[in-house]
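Architecture and fold: a report
These are the residues of each chain, in order.
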Amino acid sequence: ERMSRRFGCHVLSLLLFSAGLSTERSATVTKMVAAETDIHRSAHVQVQVVSNLTHGGGVLDVSQDDDFNKTHPIFEDCSVPLTEMVDHLNSHLTDLDDILLWAHKRCPEGKLIQVTSFGASGMVILHKMSQLGILGAIPTVSLDTLHLFPETYDFIDRVQSHFDDMCLRKFRPLGFDHKSAFVAEHGTDLWRSDPHEYDRIVKVEPMLRAFEELRPSAWITGRRSSQGSERTDLNVFEIDHDDPTRVKINPLAHWTYDQVWEYIKKNDIPYNPLHDRGYKSIGDVQTTRPVARDADERSGRFLGLEGKTECGLHSRNRPKRTKSSSKKQDATDASRLSPQTVVS
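Residues numbered from 1 in each chain as written. Predicted model: local features only at pLDDT ≥ 70, side-chain atom pairs only at ≥ 80, totals over all residues. Heavy atoms only, no water.

We now examine helix α9 (residues 195-214). Working note: α-helix, 3.6 residues per turn, so residues spaced by three or four point in the same direction. Counted at 1.5 Å a residue, the expected span for α9 with its 20 residues is 28 Å, and the 27 Å between its end C-alpha atoms agrees. Considering bend angle alone, the principal kink of α9 is centred on I201 and spans about 40 degrees. With 14 of its 20 residues buried, α9 lies for the most part within the structure. R215 occupies a position one or two residues after α9 and carries a positive phi of about 50 degrees. (Helix = DSSP H or I, 4+ residues; strand = E, 2+ residues; numbered from the N terminus. Expected span 1.5 Å × (residues − 1). Bend = angle between axes of the 7 residues up to and from the residue. Buried < 20%, exposed > 50% of the residue type's maximum accessible area, 1.4 Å probe, protein only.)

Shown next, in the form of structure tokens:
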């Protein structure tokens, strides 16, 4: 009976998704349903599901069983274990349009966000969401570390003008609006003397604050497996290791560097001018350098920080507060909570 309900929930979720798509997209989803049907038949499971399905979405009465009413926020109509749903999605959803449309339709309103630094991959996702007419419905979150290149700040302004339907939310280090104030308190070399503390202050804490304010069920990133290191085995869908009730979606997980740039050129998408100067991946000014044309994409990041490949947002080795800074930070964090730390 439990298998029956799970299968029925899978199928109805897919039908709901297909109801709002084009014929071509619906055909893709039909194949997914067919695959589930094969599984169902092989297990000799008889499915009896009562549903109230309407065009463009509806409420699905899958089961009155209490266990099945303990729903995950991203799947309001069923309680299929999240690990099973993620595995299922990774097996069946690979097309960029399908991935983004599925996420938009399945997440409760306001519970899906995109996090971007406006790199090449992020620009592909922005463009595609705008094409699909869903960009305005999905908040775009960007972290201003106060240490970005001047060209990056100028480029972000250009992106806002180019995608006028984008709802951009910028999050900065708690209590700091300008780099000068940050340097006055932490000096110019915190990134070198205590890189974990630097990452915690300028990236991890602002991201956690964004999660706390927006409370997303899922978030979209521009990470790709071809970027290597910790990203090598990346899947499109994954459970957020910081919150087992939140899903991380990497729509370009299986795209290559060349595919990203072919898409950008073909669609005349704006990109950071630093890319034309040899910067394949762009982060903070003090740790980012241009690289050779045939160099690994992220080899120009984290210069001077041996062995470092992630800033902490996606790494399981999340930067934690150091002993030397914890007492001082505890004394000042509360006083720094102000509207100026978040810019809409």
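This part is about the environment of D95. Among the structural elements, D95 can be located in the loop between α3 (82-92) and α4 (96-106). For D95, a relative accessible area of 29% puts it in the partly exposed group.

Moving on, we get to unusual backbone geometry. Residues other than glycine predominantly adopt negative phi, and peptide bonds predominantly adopt the trans conformation. Positive phi is not limited to glycine here, since R215 has a value of about 50 degrees. Structurally, the position occupied by R215 is in the loop between α9 and β4 (218-220). You will see that D268, though not glycine, has its phi angle at about 55 degrees, which is positive. Within the fold, D268 resides in the loop between α10 (257-266) and α11 (323-336).

In strand β2 (residues 140-143), alternate side chains face the same way, and those of T140 and S142 on one face and V141 and L143 on the other are all buried. Across 2 bridges, strand β1 (residues 112-115) lies against β2 in parallel orientation. Bridge pairing in β2 links V115 to V141. Handedness of the β1-helix α5 (residues 120-131)-β2 crossover: right-handed. Here 4 bridges tie β2 to strand β3 (residues 168-171), and the two strands are oriented parallel to one another. Paired with L143 across the two strands is F171, which belongs to β3. What joins β2 to β3 is helix α6 (residues 150-162), and the crossover it makes is right-handed. (Pairing = 2+ DSSP bridges. Right-handed = clockwise from strand over helix to strand, strands pointing away.)

Next up on the list: the packing of aromatic side chains. Inspection of the entire model under this criterion finds 8 aromatic pairs. Connected via pairs of aromatic rings, a cluster forms that spans F176, F182 and Y198. If you follow R246 out to its NZ or CZ, it ends over the ring of F211, 3.8 Å from the centre. (Phe/Tyr/Trp six-rings, centres within 6.5 Å; stacked < 30°, edge-to-face > 60°. Lys NZ or Arg CZ within 6 Å of the ring centre and 35° of its normal.)

So, about the side chain of D284. Mapped onto the secondary structure, D284 falls in the loop between α10 and α11. Buried and without a salt bridge, D284 has K203 as its closest oppositely charged side chain, separated by 4.2 Å. Look past the residues within four positions of D284 in its chain and what remains in contact with it is T145, H147, L148, F149, Y198 and K203. (Lys, Arg positive; Asp, Glu negative; His and termini not counted. Salt bridge = Lys/Arg side-chain N within 4 Å of Asp/Glu carboxyl O. Contact = heavy atoms within 4.5 Å.)

A relative accessible area of 65% places D268 in the exposed class. Sequence separation between D268 and H127 is 141 residues, and the spatial gap between their C-alpha atoms is 9.9 Å.

All chains considered together, the criterion is met by 12 salt bridges. Between R215 and E212 there is a salt bridge whose closest N-O contact spans 2.6 Å. We classify R215 as partly exposed; its relative accessible area is 49%. A single network of salt bridges, built from pairs that share partners, joins D240, D243 and R246.

In this structure, F118, F237 and I249 are the most contacted members of the largest nonpolar core, which totals 45 residues. Among the elements that make up this core, the one with the highest residue count is α5 (6 residues). Beyond its immediate stretch of four places on either side in the chain, F237 contacts V86, L89, N90, L93, I99, W102, V247, K248 and I249. In terms of nonpolar packing, the next biggest core, distinct from the first, is built from 10 residues, I113, M207, F211 and L214 among them. (Core = buried A, V, L, I, M, F, W, Y, C linked by side-chain atoms within 4.5 Å.)

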